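Spelled out, the chains give:
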Amino acid sequence: MYGRIKHALGRGRLRGSDNKAEEEDYAAAVGNGLPMANLVRLIRQVIPTNVKISAHAKQLTHDCAVEFVGFVGGEAVECAVEQHRRTITPEDFTLAFQRLGFDDYVEPMTTYIRRYRENAPRPHAAASGLGFTEEEIEFLMSVIPELHDGAASSEEEEEEAPAAA
């Protein structure tokens with residue numbers, strides 16, 4: 001287990017090395033990806049307003065968060081590599097959480113991803129490689145109503161069928 005964690009956190013580099021300076025440089029480089037101010041803002045949201053946070057506690061929490069993100073990220077990379085992909089998707093992180101035993105996070109993450117995609121602005125049709133503008137697509141949908149209406153009528157039939165049963 002320790003070897004897997006060590007590999008996922010450090011991707012097999014510098015962790016456990018005899019050179020303390022190399023480890024500190026690596027930790028500093030990795031830690032720069034998570035600004036301390038953002039983390040402190042998150043901490044303040046969950047603790048009472050009259051509680052103070054020591055600098056050591058802030059640094060320790062920051063280090064733990066960086067290690068956790070690296071741990072889960074390393075597993076997500078392995079998920080993508082196993083499927084012969086070079087791009088990590090949100091689903092890779094969901095699978096990583098599941099593989100690492102963080103099952104309580106899988107459903108909220110899946111819900112968040114779905115809602116994000118539902119509410120994300122759609123790219124312009126021409127930019128997506130189709131070569132049509134939104135106006136052209138609307139025109140085509142109005143000229144070919146049977147395709148659009150046919151899909152809607154089959155959905156209505158499916159909804160009515162269980163009600164009759």
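Residues numbered from 1 in each chain as written. Predicted model: local features only at pLDDT ≥ 70, side-chain atom pairs only at ≥ 80, totals over all residues. Heavy atoms only, no water.

1. Here's the deal with helix H4 (residues 55-82)
Taking 1.5 Å as the rise per residue, H4 with 28 residues should run 40 Å; its terminal C-alpha atoms sit 41 Å apart, in good agreement. For H4, the full list of buried residues reads His62, Ala65, Val66, Phe71, Val72, Gly73, Gly74, Glu75, Ala76, Cys79 and Ala80. (Helix = DSSP H or I, 4+ residues; strand = E, 2+ residues; numbered from the N terminus. Expected span 1.5 Å × (residues − 1). Buried < 20%, exposed > 50% of the residue type's maximum accessible area, 1.4 Å probe, protein only.)

2. Brief notes about helix H5 (residues 90-99)
When we look at burial in H5, the residues that qualify are Asp92, Thr94, Ala96 and Phe97. For H5, the secondary structure elements touched by its buried residues are H4 and helix H6 (103-119). (Contact = heavy atoms within 4.5 Å.)

3. Things to note about the packing of H4 against H5
Interhelical geometry of H4 versus H5 gives an angle of 110° and a closest axis separation of 8 Å. Classified by the angle between their axes, H4 and H5 sit roughly perpendicular to one another. Regarding H4 and H5, the two cross each other, and that crossing is right-handed. Touching Phe68, Val72, Gly73, Glu75, Ala76, Cys79, Ala80 and Glu82 of H4 are Asp92, Phe93, Leu95, Ala96, Phe97 and Arg99, all from H5. A breakdown of the residues in the contact of H4 with H5 according to their chemical character gives nine nonpolar, one polar and four charged. (Axes fitted to C-alpha atoms, helices over the stretch in contact; angles between N-to-C directions. Parallel < 35°, antiparallel > 145°, perpendicular 65-115°, else oblique. Left-handed = near helix turned anticlockwise from the far one by under 90°. Nonpolar A, V, L, I, M, F, W, Y, C, P; charged D, E, K, R; others polar.)

4. Here we look at the pattern of salt bridges
Summed over the entire model, instances satisfying the criterion amount to five salt bridges. A salt bridge links Arg85 to Asp92, with the nearest nitrogen and oxygen atoms 2.6 Å apart. Given the relative accessible area of 3%, Asp92 is considered buried. Shared partners join several salt bridges into a network, and the residues in it are Glu75, Glu82 and Arg99. (Salt bridge = Lys/Arg side-chain N within 4 Å of Asp/Glu carboxyl O.)

5. Observations concerning the packing of aromatic side chains
The way to describe two aromatic rings as a pair is by their centre distance and the angle between their planes. Under the criterion given, the structure shown has six aromatic pairs. Seen from their ring centres, Phe68 and Phe97 are 6.0 Å apart, and the 55° between their planes marks the pair as tilted. Within this pair, whereas Phe68 is found in helix H4, its partner Phe97 is found in helix H5, the two being separated by 29 residues in sequence. What makes Phe68 partly exposed here is its relative accessible area of 35%. Pairing Phe97 with Tyr105 gives two aromatic rings, centres 5.7 Å apart and planes at 40°, and the pair type is tilted. (Phe/Tyr/Trp six-rings, centres within 6.5 Å; stacked < 30°, edge-to-face > 60°.)

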